[in-house]
Amino acid sequence: MNTNPTSPQPSRCTFTLPTLITFTLLLTPPPPAAAEDDVNCLCGLLRSLHDSDHTLSSWNFNNNTAGFICRFDYVGCWNDQENRVISLKPADLGLAGTFPSDIRFCKNLQTLDLSGNSITGEIPTELCTWLPYLVDINLSGNRFTGQIPSGFGDYAFLNIVDLSRNRLSGNIPVQLSMVGGG
């Protein structure tokens, strides 16, 4: 046995406070609020639109496992393990009602396709602030009335806008000429 005080001692694992904080942050699951917002978005959409063919009846919100809404028809998520919706495409389903304001809770939405339904009323002017990451929006073939929100031209990422076959009135906002690179 070596009793020399200068001989190397077995190393001890020590952690500094920043290291502990980093590990804690890495191991802590993300706050449920963001994912819960996406669940609220889809619940609100289901509540506000009449689905006479019960096409969306498979959307079961009694499940609370990670990523459960990612398995819903017409819903796409960033990652199947978390409830973060990036695409919503319930097109051509005969959905009726007014534009679902709870869509504002799907803050990470990049693609919205509600085309070919019977949605009425005005396109909310707030849509542009509710969904800042939209790349593609298709609201064609509905019964929207009123003017096209001028904020559509302010989207940083918007490339495709289809509002055809509606009952929109007024001028096309000049800002839309910049969509898709001008």
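Here is a short report on the structure shown in this document. Just so you know, these numbers come straight off a predicted model, no measurement behind them.

### Observations concerning the state of the cysteines
Disulfides are covalent bonds that connect the sulfur atoms of two cysteines. Per the counting criterion, the structure on display carries two disulfides. Paired through a disulfide, cysteine 41 and cysteine 106 show a sulfur-sulfur distance of 2.1 Å. Taking the torsion about the sulfur-sulfur bond, which here is approximately -105°, the covalent link between cysteine 41 and cysteine 106 counts as left-handed. On the criterion of sequence distance, the pair formed by cysteine 41 in helix H2 (residues 32-48) and cysteine 106 in the loop between strand S4 (96-98) and strand S5 (111-113) is long-range, its members being 65 residues apart. Relative accessible area serves as the criterion here: at 0%, cysteine 106 is assigned to the buried category. Residue cysteine 70 pairs covalently with cysteine 77 via a disulfide, S to S 2.2 Å. Judged by the sign of its S-S torsion, about -100°, the bond between cysteine 70 and cysteine 77 is left-handed. Of all cysteine sulfurs in the structure, the one in cysteine 41 sits closest to cysteine 43, which takes part in no disulfide; the separation is 9.3 Å.

### Some thoughts on the side chain of serine 87
By the element assignment, serine 87 lies in strand S3 (residues 85-88). A residue is classified by how much of its surface remains accessible, and serine 87, at 16% relative accessible area, is buried. With residues near it in sequence (within four places) discarded, serine 87 still touches Tyr74, Val75, Gly76, Leu109 and Thr111.

### As for the pairing of S3
Pairing of strand S2 (residues 75-77) with S3, which is carried by three bridges, proceeds in the antiparallel orientation. Counted as the bridge partner of cysteine 77 is valine 85 from S3. Sheet analysis places S3 next to S5, joined by two bridges and oriented parallel. Each residue of the ladder has a partner; that of serine 87, found in S5, is threonine 111.

### A short note on the environment of arginine 165
Among the structural elements, arginine 165 can be located in the loop between strand S9 (160-162) and strand S10 (167-168). Counting along the chain gives 24 residues from arginine 165 to glycine 141, while the straight-line C-alpha distance between them is 4.7 Å.

So, how was this worked out
Residues numbered from 1 in each chain as written. Predicted model: local features only at pLDDT ≥ 70, side-chain atom pairs only at ≥ 80, totals over all residues. Heavy atoms only, no water. Disulfide = S-S within 2.5 Å. Helix = DSSP H or I, 4+ residues; strand = E, 2+ residues; numbered from the N terminus. Buried < 20%, exposed > 50% of the residue type's maximum accessible area, 1.4 Å probe, protein only. Contact = heavy atoms within 4.5 Å. Pairing = 2+ DSSP bridges.

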